[in-house]
Amino acid sequence: MTLNVGVIGTGNIGADHVRRLASQVSGAGVTAVFDIATERAAEIAEGVGAVAHGSWTALVDDLDVEAIVIASPGPLHAEQVLACIEAGKPVLCEKPLATTGEDSIKVMEAEVAFGRRLVQVGFMRRYDRAYRVVKGAIDDASIGEPLLAHMVHRNASVPHTFTSAMVMTDSVIHEIDTARWLFDQEVVATTVVAGRPSPQAVAGVRDPQLVLFELADGVVVDVEVFLNCQYGYDVRCEVVGSMGTVSMDNPSTNSLRRNGQRIESVPADWRVRFNTAYLDELQDWVDGLATGVVRGPSAWDGYAAAVVANCAVHALAEGARTKVTLVDRPSLYA
Ligand code: NAI
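Predicted model, so just to flag it, every value in this text is computed and none were measured. (Residues numbered from 1 in each chain as written. Predicted model: local features only at pLDDT ≥ 70, side-chain atom pairs only at ≥ 80, totals over all residues. Heavy atoms only, no water.)

Here we look at the side chain of Thr 190
Then comes step 1: Here Thr 190 shows up in strand 8 (residues 187-193).
Then comes step 2: Within the local environment of Thr 190, its side chain forms a polar contact with the backbone oxygen of Leu 212, the two atoms lying 3.1 Å apart.
Then comes step 3: With near-sequence residues (within four places) excluded, Thr 190 lies in contact with Val 211, Leu 212, Phe 213, Val 308, Cys 311, Ala 312, Ala 315, Ala 320, Arg 321 and Thr 322. (Helix = DSSP H or I, 4+ residues; strand = E, 2+ residues; numbered from the N terminus. Polar contact = N/O pair within 3.5 Å; in protein donor to acceptor, adjacent residues only side chain to side chain. Contact = heavy atoms within 4.5 Å.)

Encoded structure:
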């Protein structure tokens with residue numbers, strides 16, 4: 001059986017998802033796309049034999065579309081996810097689920113009223129094999145009791161439209177979800193320090209920043225986020241436990257030894273680093289839906305991450321440790 005998927009937003013990651021769903025994910029095909037960049041959408045649709053709709057609402061209403069991937073800009077996600085829930089269609093929404101906690105709550109309320117899970121959020125690091133090794137070492141206590149984690153999130157550069165708030169809501173949101181998932185704990189407080197900005201940072205954007213997350217069980221996570229590091233996409237993590245540590249560097253590549261140097265490459269961007277994770281994420285989503293189940297990161301995960309990201313934005317603006325307050329977790333997300 002083939003799951004007919006519609007994709008809203010065919011920019012960077014949307015176009016990649018169309019390609020994966022059409023040619024690499026088994027049990028799925030792309031039957032419809034929509035993007036306000038209509039020419040590009042039409043070209044992408046033609047490439048995979050899909051229809052290019054005139055609006056995203058037409059795609060949601062399309063009776064041939066059984067499930068939807070949202071890869072439009074973040075501020076549009078909540079409204080589009082709500083429409084998918086109203087239509088009773090499963091939806092894989094790229095992060096963020098919503099830009100505010102309030103909008104995420106609306107999504108959870110609609111899903112709870114629907115009565116079963118329809119929403120998955122695109123926190124694909126949970127599918128990354130290297131991160132899974134880290135989680136395994138925490139879960140089986142190979143490193144004893146987890147105490148601390150150090151994380152690094154560096155991009156070569158980001159678009160000039162990037163703002164200081166997006167450092168949290170678009171980039172560090174991955175570390176927020178990673179920390180919640182690795183330690184199975186909520187974040188209870190955050191502190192952010194932004195020092196001297198890089199000369200390559202967009203004017204007015206605080207880059208780099210150091211972020212601290214305190215988890216409910218006392219584990220502390222620090223994140224260096226640096227979005228204009230120039231040299232590549234460098235995502236790393238080390239968890240310190242009472243009996244040892246587990247760390248994750250860039251996946252190993254060939255190295256060149258010459259002229260007294262050892263040279264290794266760093267992934268160019270997130271596409272290169274997480275290509276397999278995106279594929280595994282989509283395959284798991286499609287496999288789950290074949291049995292009627294949505295089992296990936298939930299609207300609750302999207303909500304919690306959005307609240308923490310906004311607390312971090314506040315923490316930087318106020319220069320103060322900011323406590324995180326979440327609503328009670330609905331039983332649908334137990
Ligand atoms: P992008 O700017 O390349 O693509 C967004 C697309 O949405 C554009 O083609 C734009 O024309 C289209 N669009 C604008 N208004 C629209 C509307 N009303 N309805 C439908 N489409 C509309 O951005 P990119 O990098 O592809 O990011 C898209 C989303 O995916 C963002 O939320 C971003 O945070 C997320 N993302 C997630 C990643 C991950 O690692 N999970 C990696 C990259 C992006």
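Brief notes about empty space enclosed by the protein
In this approach a probe as big as a water molecule rolls over the atoms, and the regions it shows empty are the leftover space.
Then comes step 1: Following the criterion strictly, the structure yields one cavity of 30 Å³ or more and no others.
Then comes step 2: Its volume calculated, the largest cavity comes out at about 40 Å³.
Then comes step 3: Every residue lining the largest cavity is listed: Val 158, Phe 162, Val 167, Val 202, Val 205, Asp 207, Leu 227 and Asn 228. (1 Å grid on protein atoms, 1.4 Å probe; cavity = no way out; pocket = protein on both sides within 12 Å on 5 of 7 lines; lining within 4 Å. Points joined across faces, edges and corners; volume = space filled by probe spheres on them.)

Side note on the sheet that holds strand 11 (residues 234-241)
Then comes step 1: An order of 12-11-7-10-9-8-15 is seen for the seven strands of this open sheet, with the pairing classed as mixed. A single partner strand is all that each edge strand has here, and the edge strands are strand 12 (245-248) and strand 15 (322-323).
Then comes step 2: Each of strand 7 (146-154), strand 11 and strand 12 touches helix 6 (residues 129-139); the most contacted strand, strand 12, lies at about 170 degrees to it. (Pairing = 2+ DSSP bridges. Axes fitted to C-alpha atoms, helices over the stretch in contact; angles between N-to-C directions.)

As for the sheet that holds strand 4 (residues 67-70)
Note on sheets: strands pair through backbone hydrogen bonds, and any given pair is parallel or antiparallel.
Then comes step 1: Taken in spatial order, the six strands make up an open sheet running 3-2-1-4-5-6, and their pairing is parallel. Edge positions in the sheet fall to strand 3 (51-52) and strand 6 (119-121), since each of these pairs with one other strand and no more.
Then comes step 2: Note: strand 2 (residues 28-34) against strand 3, two bridges, orientation parallel. Within strand 3, the position partnered with Ala 32 by the bridge is Val 51.

Examining helix 8 (residues 270-290)
Then comes step 1: Between its terminal C-alpha atoms helix 8 stretches 28 Å, which fits the 30 Å expected from 21 residues at 1.5 Å a residue.
Then comes step 2: The sharpest bend along helix 8 comes to roughly 40 degrees, located at Thr 276.
Then comes step 3: Buried residues of helix 8: Arg 273, Phe 274, Ala 277, Tyr 278, Glu 281, Leu 282, Gln 283, Asp 284, Trp 285, Val 286, Gly 288 and Leu 289, and no others.
Then comes step 4: Here helix 8 starts with a cap whose side-chain oxygen sits 3.0 Å from the backbone nitrogen of Arg 271, and that cap is Asp 269.
Then comes step 5: Positive backbone phi, at 80 degrees, marks Gly 292, one or two positions downstream of helix 8. (Expected span 1.5 Å × (residues − 1). Bend = angle between axes of the 7 residues up to and from the residue. Buried < 20%, exposed > 50% of the residue type's maximum accessible area, 1.4 Å probe, protein only.)

Quick look at the environment of Thr 245
Then comes step 1: Examined against the element boundaries, Thr 245 turns out to sit in strand 12.
Then comes step 2: Each C-alpha atom, one on Thr 245 and one on Leu 148, is 9.5 Å from the other, the two residues being 97 residues apart in sequence.
Then comes step 3: Apart from residues no more than four positions distant in its own chain, Thr 245 is found in contact with Ile 143, Glu 238, Val 239 and Val 240.
Then comes step 4: Within the structure, the side chain of Thr 245 is placed 3.3 Å from the side chain of Glu 238, a separation counted as a polar contact.

Side note on the site of the ligand
Then comes step 1: Around the ligand sit 25 residues, and of these Asn 12, Asp 35, Glu 94, Lys 95 and Tyr 278 come closest.
Then comes step 2: Between the ligand and Ser 72, the relevant distance is 3.5 Å, taken from an oxygen atom to a main-chain nitrogen or oxygen of the residue.
Then comes step 3: Within the side chain of His 174, one N or O atom sits 3.3 Å away from an oxygen atom of the ligand.
Then comes step 4: In this structure, the ligand is accommodated by the largest pocket.
Then comes step 5: Partitioned by chemical class, the residues of the shell around the ligand number eleven nonpolar, ten polar and four charged. (Near = heavy atom within 4 Å. Sits in = over half its atoms within 2 Å of the grid points. Nonpolar A, V, L, I, M, F, W, Y, C, P; charged D, E, K, R; others polar.)

Considering the pairing of strand 9 (residues 209-215)
Then comes step 1: The alternating pattern of strand 9 places Gln 209, Val 211, Phe 213 and Leu 215 on a buried face and Leu 210, Leu 212 and Glu 214 on a face that is not buried.
Then comes step 2: Pairing of strand 8 with strand 9, which is carried by six bridges, proceeds in the antiparallel orientation. The residue bridging Thr 191 from the neighbouring strand is Leu 212, located in strand 9.
Then comes step 3: Two strands pair when backbone bridges link them, and strand 9 and strand 10 (residues 220-226) are joined in this way by six bridges, in the antiparallel orientation. Across the sheet, the residue bridging to Gln 209 is Val 225, located in strand 10.

Considerations on helix 6
Then comes step 1: Looking only at helix 6, the buried set comprises Tyr 131, Val 134, Lys 135, Ala 137 and Ile 138. Across the axial projection of helix 6, the buried residues extend over an arc of 160 degrees, all falling on one side. Along helix 6, the residues that are exposed and aim more than 90 degrees away from the buried face are Arg 129, Val 133 and Asp 139.
Then comes step 2: As for helix 6, its buried residues are in contact with strand 7, helix 7 (164-183), strand 11, strand 12 and helix 8.
Then comes step 3: At the N-terminal end of helix 6, a side-chain oxygen is found 3.3 Å from the backbone nitrogen of Ala 130, two or three residues along, and the residue is Asp 128.
Then comes step 4: One or two steps after helix 6, the chain reaches Ala 141, where phi turns positive at roughly 60 degrees. (Arc of directions from axis to C-beta.)

Considering the layout of surface pockets
Then comes step 1: For the largest pocket, the calculated volume is near 1,200 Å³.
Then comes step 2: Residue lining of the largest pocket: 45 residues in total, with Asn 12, Ile 13, Lys 95, Asp 170 and Trp 270 positioned closest to the centre.
Then comes step 3: Only helix 1 (12-23), helix 4 (77-86), helix 7 and helix 8 provide two or more residues apiece to the lining of the largest pocket.
Then comes step 4: Ranked by residue count, the leading element in the lining of the largest pocket is helix 7, at five residues.
Then comes step 5: Taken as a whole, the second largest pocket spans an internal volume of roughly 400 Å³.
Then comes step 6: Along the wall of the second largest pocket there are 19 residues; nearest its centre are Arg 126, Trp 181, Asp 184, Pro 297 and Asp 301.
Then comes step 7: The set of elements that each furnish at least two residues to the lining of the second largest pocket consists of helix 6 and helix 7.
Then comes step 8: Taken together, the residues of the lining of the second largest pocket sort by class into six nonpolar, three polar and ten charged.

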